[in-house]
Amino acid sequence: MTELTKLTLAKARAGLANGNFTSTELTNAFLTAIEAGNGDLNAYVTVTGDAALARAKESDDRIAKGDDVRPLEGLPLGIKDLFSTEGVHTQACSHVLDGFKPRYESTVTANLRDAGAIMLGKLNMDEFAMGSSNETSYYGPVVNPWQRTNDNGDLSNDKLVPGGSSGGSSASVAADLCLAATASDTGGSIRQPAALTGTVGLKPTYGRCSRYGMVAFASSLDQAGPITKTVEDAGLMLAQMASHDLKDSTSVDVPVPDYTKVLGQGIKGLRIGVPKEYRIDGMADETEKLWQQGIDWLKDAGATIHEISLPHTKYALPAYYIVAPAEASSNLARYDGVRYGLRVPGEDLIETYEKSRAAGFGREVKKRVLVGTFVLSAGFYDAYYTKAQKVRTLIKQDFDKAWENVDLVLTPTTPSPAFAQGEKSGDPIAMYLEDIFTVTVNMAGLPGISVPGGLSAEGTPLGLQLIAKPFDEETLLRGGEVIEKAAGRFTPAARWWQS
Amino acid sequence: MEVDETTVRRIARLARIEVTDEEAASLKGELSGILQWVEQLEEVNTDNVEPMTRVVPIALKQRDDVVTDGEKVEDVIANAPMSEDNFYVVPTVIE
């Protein structure tokens, strides 16, 4: 049954519709694959097999009767642990939410459920989505299914990171432990892990998907999106995940198009911007080469290429490391050891808060909460927080100006391919630089997609990023499809986690 | 900006996170490192620039001021680490 797990979302959907297999068979194939592979990869933190099989049976009944078959009927997905799922483990992989099982469902997962999709379980992630390597999870690191190739051509046993924060999502999709996964992106947490695992990651426009029921990190930046095997699958997922939701005041009331309708349209006549400020020192040669390759592919498909300037690019990351921790320190104030989650009793209430939060938060989370508390504290607010929000305005204006002349912007997704566990954990700034090409998109609220573009000298995936105007995910998908067609799909050479 | 251990402790107190001596010492370096790194923003001229308040230009939505949810005491209390008679239980606050 391993062949079933290798299907794309679109192919699995067609297979179910044609009666080639049942949702029960498909779901069982994934549960078997998870059972065999999760010990090595640590992509799932909880598996909901019985519930998944019950839902699969319901889907099979609907498909057999042929009535009321929904858009994602019977298709098994992985859900990032950051989405509230009723009665099921939801901790954003933090110890501070120990034992938390929400009594309600996030809008995104409710939308997917109502579309007939099946949840296989909850996926590992960096604690509260703070990290770029999935090494900050309370449940331990996720391992990238990809391995490096040594100089002598053998596969190395070094454990590579799957990117982060959506490392469970990227690894499970790359390793065929689900058809597609939900993820979330605050500074690059969908696109960077997608790039490091040879998968497609789509971060929609801020406001496209409801944030209701997502564990909050930085509310003005957080946005849900899919990690999938193909660009088409990303369109299929987004069409169901996106909605206007009265429960999220920043959710935007614009119609959700059928994103798959634009596929195959090509990009003839589109104007592609290439920002000169993204040619940074320390970018790997192979990244630079891939970027040029991407430019050529888009040109060959009939687009025109234009050098553009986004002058405030270099300030996006430092501004982000003020805005995001500030919002996080405020959002994470709710974890008090009283209403839910971990409680470590103290002599009085304040000591109970302090001990619960000290025991519940990991190192990276504590550090960011403290940075956020500092930049919001009396006497420093204007110098740090207001300044960063002003810089953010300038970053958005850079893009507004660019959109006068181009329809899409092409950049690499990350400066370099997947690194080994522990390689960057000692140097916080080096880790933060993972998001240097992705974070501008969050700061400006734009949609972005990472599509696999090729392999590094080490044989590991590299991603290309496209950025579009607000709510122009359709053009993003059209451009992504052109890259995908030219580059082909990439899957790990050895399926070592299956044995 | 370089922060000292006293500042780290003051911030940790504001954030209600207990820190050990060892943590305070290492956080001092890490926080200083991050704060110094973000100070490159000082190079940017932001005179007459409005701080961003929203990325998508929409008016904040309003709805009728009516109760739409509630009567869910059980749901609210379900995840409490300690509760009694539908109340959260905490250490004595008022002597």
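Shown above is the structure to which this text applies.
Read on for a plain summary of the structure. (Residues numbered from 1 in each chain as written. Chains lettered and ligands numbered in written order. Predicted model: local features only at pLDDT ≥ 70, side-chain atom pairs only at ≥ 80, totals over all residues. Heavy atoms only, no water.)

Here's the deal with the overall build of chain B
Assigned secondary structure in chain B consists of 3 helices and 2 strands. Listing the helices and strands of chain B from first to last along the sequence gives α-α-α-β-β. The C-alpha atoms of chain B give a radius of gyration of 22 Å, which is well past the 12 Å a tight globule of 95 residues would have. Dimensions along the principal axes, computed over C-alpha positions, put chain B at roughly 55 × 45 × 25 Å. Expressed as a percentage of its 95 residues, the buried residues of chain B come to 31%. For chain B, contacts bridging at least 24 residues in sequence account for 32% of all contacts bridging at least 6. Of the roughly 6900 Å² that chain B leaves accessible, carbon and sulfur atoms contribute 49%. With 9 positive and 22 negative side-chain charges, chain B shows a separation of 4 Å between the mean positions of the two kinds. (Helix = DSSP H or I, 4+ residues; strand = E, 2+ residues; numbered from the N terminus. Rg over C-alpha atoms; globule rule 2.2 N^0.38 Å. Buried < 20%, exposed > 50% of the residue type's maximum accessible area, 1.4 Å probe, protein only. Contact = heavy atoms within 4.5 Å. Areas by Shrake-Rupley, 256 points an atom, 1.4 Å probe, with all protein chains shown as cover. Lys, Arg positive; Asp, Glu negative; His and termini not counted. Charge placed at Lys NZ, Arg CZ, Asp CG, Glu CD.)

Describing the packing of aromatic side chains
Residue and element names in this part refer to chain A. Following the criterion strictly, the structure yields 18 aromatic pairs over all chains and no others. With centroids separated by 3.8 Å and ring planes inclined at 10°, the aromatic side chains of Y321 and Y432 adopt a geometry described as stacked. In this pair, Y321 sits in helix 10 (residues 316-331) while Y432 sits in helix 14 (residues 428-432), placing the two residues 111 residues apart along the sequence. With centroids separated by 5.9 Å and ring planes inclined at 85°, the aromatic side chains of W496 and W497 adopt a geometry described as edge-to-face. For W496, a relative accessible area of 22% corresponds to the partly exposed category. Relative accessible area serves as the criterion here: at 1%, W497 is assigned to the buried category. Clustering of aromatic rings is evident, with ring pairs tying together F100, F128, Y335, Y340 and F361. Stacked on the ring of W291, the Lys or Arg R279 has its end atom at 4.4 Å from the ring centre. K424 extends its terminal NZ or CZ atom over the ring of F419, reaching a point 4.6 Å from the ring centre. (Phe/Tyr/Trp six-rings, centres within 6.5 Å; stacked < 30°, edge-to-face > 60°. Lys NZ or Arg CZ within 6 Å of the ring centre and 35° of its normal.)

Some thoughts on empty space enclosed by the protein
Residues and elements named next belong to chain A. Evaluated as defined, the whole model comprises 3 cavities of 30 Å³ or more. In this model, the largest cavity occupies a volume close to 80 Å³. Considering the residues around the largest cavity, the lining is formed by W146, V173, A174, D176, T197, G198, T199, K229, R489, F490, T491 and P492. Size it by volume and the second largest cavity reaches roughly 50 Å³. Along the walls of the second largest cavity sit A129, M130, G131, S132, T186, G187, S189, F217, Y320, Y321, R368 and D435, which together make up its complete lining. (1 Å grid on protein atoms, 1.4 Å probe; cavity = no way out; pocket = protein on both sides within 12 Å on 5 of 7 lines; lining within 4 Å. Points joined across faces, edges and corners; volume = space filled by probe spheres on them.)

Topic: the packing of helix 12 (residues 363-376) of chain A against helix 1 (residues 5-14) of chain B
Across the interface, helix 12 of chain A lies against helix 1 of chain B with an axial gap of 9 Å and an inter-helix angle of 95°. For the element pair helix 12 of chain A / helix 1 of chain B, the angle class is roughly perpendicular. The residues of helix 1 of chain B that touch helix 12 of chain A, namely those facing A:L370, A:T373 and A:F374, are B:T7, B:I11, B:A12 and B:L14. A class-by-class count of the residues in the contact of helix 12 of chain A with helix 1 of chain B yields 5 nonpolar, 2 polar and no charged. (Axes fitted to C-alpha atoms, helices over the stretch in contact; angles between N-to-C directions. Parallel < 35°, antiparallel > 145°, perpendicular 65-115°, else oblique. Nonpolar A, V, L, I, M, F, W, Y, C, P; charged D, E, K, R; others polar.)

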